[in-house]
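Summary of structural features
Chain by chain, the residues:
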Amino acid sequence: MKKSVRAGYTFGHIEIGPRARKLLKASLARNWVSGGPNVKLFEQKFRKTFGFAEAVSVASGTSACITQVAALHEYGADWGDEVIVPALSFVATANSVLAAGFRPVFVDIQRDTLNIDPEKIEKTITKRTRAIQVVHTMGKPCDMDPILDIAKRRKLIVLEDACEAHGGRYKGKYVGGIGRSGAFSFYAAHIICSGEGGMVTTNDPEFAKILRSVRSHGRPDGTIFFQFDRFGINAKMNDLEAAVGVEGIENFQRIFAKRKENLQYLLAGVRDLSDRFYFLNEEPYEVISPHAFPLVIREKAGIDYWKLYRHLEEKGMQVKTLFASLPTQHKCFRFLGYREGAFPEAEYVGKNGLHVGCHQYLRRTDLDYFLEVLHDYARQTQAIAAGARVKRHAAQAKAKR
Ligand SMILES: Cc1ncc(COP(=O)(O)O)c(C=O)c1O
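Criteria and thresholds
- Residues numbered from 1 in each chain as written.
- Predicted model: local features only at pLDDT ≥ 70, side-chain atom pairs only at ≥ 80, totals over all residues.
- Core = buried A, V, L, I, M, F, W, Y, C linked by C-beta atoms within 7 Å.
- Buried ≥ 20, exposed ≤ 12 C-beta atoms within 10 Å, placed from the backbone.
- Helix = DSSP H or I, 4+ residues; strand = E, 2+ residues; numbered from the N terminus.
- Domains from an automatic or database assignment.
- Contact = placed C-beta atoms within 7 Å.
- Pairing = 2+ DSSP bridges.
- Axes fitted to C-alpha atoms, helices over the stretch in contact; angles between N-to-C directions.
- Nonpolar A, V, L, I, M, F, W, Y, C, P; charged D, E, K, R; others polar.
- Near = placed C-beta within 6 Å.
- Parallel < 35°, antiparallel > 145°, perpendicular 65-115°, else oblique.
- Left-handed = near helix turned anticlockwise from the far one by under 90°.

Looking at the nonpolar core
- Counting residues in hydrophobic clusters, the biggest one holds 113 residues, and the most contacted among them are V69, L88 and I132.
- Considering every element that reaches this core, the biggest residue donor is helix α7 (residues 239–250), with 6 residues.
- Two domains each provide a minimum of three residues to this core, namely domain 1 (18–250) and domain 2 (253–391).
- Every residue in contact with V69, bar those within four places of it in the chain, is listed here: V83, S96, V97, A100, F102, Q133 and L159.

With respect to the sheet that holds strand β3 (residues 103–107)
- Overall, mixed pairing links the 7 strands, which are arranged β1-β9-β8-β5-β4-β2-β3 in an open sheet. Edge positions in the open sheet fall to β1 (54–58) and β3, since each of these has one partner strand only. Mean inter-strand twist for the sheet, computed between neighbouring axes without regard to direction, equals 25°.
- By the bridge criterion, 4 bridges tie strand β8 (residues 181–185) to strand β9 (residues 198–202) in an arrangement that is antiparallel. Opposite F184, over in β9, you have M199 as the bridge partner.
- Contacts between helix α5 (residues 144–153) and the sheet are confined to β4 (129–135) and β5 (157–161), with β5 contributing the most and set at about 145° to the helix.

Topic: the domain arrangement of the protein chain
- Looking at the protein chain, the domain boundaries give domain 1 (18–250) and domain 2 (253–391).
- Distance from the C-alpha centre of domain 1 to the C-alpha centre of domain 2: 27 Å.
- Facing 28 residues of domain 1, the contacting portion of domain 2 comprises 32 residues.
- Residues belonging to the side of domain 1 that touches domain 2 are distributed by class as follows: 14 nonpolar, 7 polar and 7 charged.

Things to note about unusual backbone geometry
- At M138, a residue that is not glycine, the phi angle is positive and equals roughly 55°.
- Tracing the sequence through the fold places M138 in the loop between β4 and α5.
- Phi at K171 is positive, roughly 45°, even though this residue is not glycine.
- Tracing the chain through its elements places K171 in the loop between β6 (169–170) and β7 (173–174).

Re the pairing of strand β2 (residues 82–86)
- β2 sits mainly inside the fold: 5 of its 5 residues count as buried.
- Across the two faces of β2 the burial is the same, with E82, I84 and P86 and V83 and V85 all buried.
- As paired strands, β2 and β3 are joined by 5 bridges and run parallel to one another. Residue E82 lies in a different strand from β3, and its bridge partner there is R103.
- Where β2 meets β4, 3 bridges bridge the pair, whose relative direction is parallel.

Focus on the site of the ligand
- Taken together, 15 residues lie around the ligand, and S60, G61, T62, C163 and S185 are the ones closest in.
- Listed by contribution, the elements that provide at least two residues to the shell around the ligand are α3 (61–70) and α4 (92–99).
- With 3 residues, α3 is the largest single contributor of residues to the shell around the ligand.
- Per-class residue counts for the shell around the ligand are 6 nonpolar, 7 polar and 2 charged.

Quick look at the sheet that holds β7
- The sheet built from 3 strands is open, its strands ordered β7-β6-β11 with antiparallel pairing. Two strands bound the open sheet, and with one partner strand each, they are β7 and β11 (286–287).
- Both β6 and β7 contribute to a ladder of 2 bridges, which runs antiparallel. Within the sheet, the bridge partner assigned to R169 lies in β7 and is Y174.

As for the pairing of β1
- Counted residue by residue, β1 has 5 buried out of 5 residues, so it is predominantly covered.
- Residues E54, V56 and V58 point to one face of β1 and A55 and S57 to the other, with burial holding for every one of them.
- Pairing analysis gives 5 bridges linking β1 to β9, with the strands arranged antiparallel. Bridging across to β9, A55 finds its partner in T201.

Focus on the packing of helix α2 (residues 37–50) against α7
- For the pair α2 and α7, interaxial distance at closest approach is 8 Å and the crossing angle is 30°. With respect to α7, the axis of α2 lies roughly parallel. As for the relative orientation of α2 and α7, their crossing is left-handed in sense. On the side of α2, the interface is formed by N38, V39, L41, F42, K45, F46 and T49, while α7 contributes D239, A242, A243, G245, V246, I249 and E250.
- Tallied by class, residues from the contact of α2 with α7 come to 8 nonpolar, 3 polar and 3 charged.

Things to note about the environment of E345
- When you line up the elements, E345 lands in helix α11 (residues 344–352).
- Residue classification places E345 among the buried positions, given that 20 C-beta atoms sit within 10 Å.
- Sequence separation of E345 and D112 is 233 residues, and the distance between their C-alpha atoms is 9.1 Å.

Have a look at this one:
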């Protein structure tokens, strides 16, 4: 990996290498920067890397989600029908449902996996439910078997939001190729990066035709005529973004391995704190994609969330919350009428979860620094808690005398 020029413990970082620069130059020389040969190359390489039958490039992860959800109109969904999404995710997962003309119906998550709780899905299904858009949050694959089983029994389509899970695998299958389709984001902090950009993947060639049509205003697949067959948007990727994406996909295995090594190093370094935080846990049947390093403060850990957040920031770390419950801890879905308390797990994570980077440009010294800062903080809070306990016991003993 090339030596980095970034500063501090960043969440994500991008460096444009010689391969991308060459493709960018060629694009400029052609005086053509809309979709062209770089886009085709990026789609082809993405498809091949993960063994998907089809890969349809789009302008962002958000538009990847909108495009796959909007394709539901072709499969019996009517305006205003319902699509199930997890209560906790990046906002685009649920916004894409609204943007495509449907109503998001939220389901709580599991505190430890951060993913939709399959056991809570079935009771939210109504006559108007058409699909479940699951999210592989922080690169951890959802438990897909029970979800696919529900979908089969209740005749629903499963869509995957794999924006944070490039190269993640569930029981041998790459995420994004398990449901009907999968959405990926190539925003700066993501494993494959093109600045802005996204991809929708599917193993169903008919579905891919609809996706290609939706991303181009609903025109017939592959045409630029003013013929509009279905609802569509402009979600096309341009050749400049694709140039950067090609370099990313060509380096994917190397980047993935380095980030995974970082993630595992961090996980090994916090093992002694596992009674105070929930950390990612990789099951034998899955491969977690090293998107980031999430941590959720455990119940009774004696750690104040915002104090920890600010402490990490003061020590120079770029920290992010863990999204929080979209329907009850943000304002944007208030109009749907959910009340705080409806999603206890997502709300808990909203008050106790954060994440930091594990990207390929972080050095071992950066990782050690984070571990030291986190341990120091945990030790301080333990000492404060122990001091308070001693004081309480002394006061109780005095009162008894
Ligand atoms: C789960 C999830 N879905 C969708 C998106 C949207 O992707 P983008 O920022 O490329 O639009 C993101 C972005 O990080 C995400 O994390």
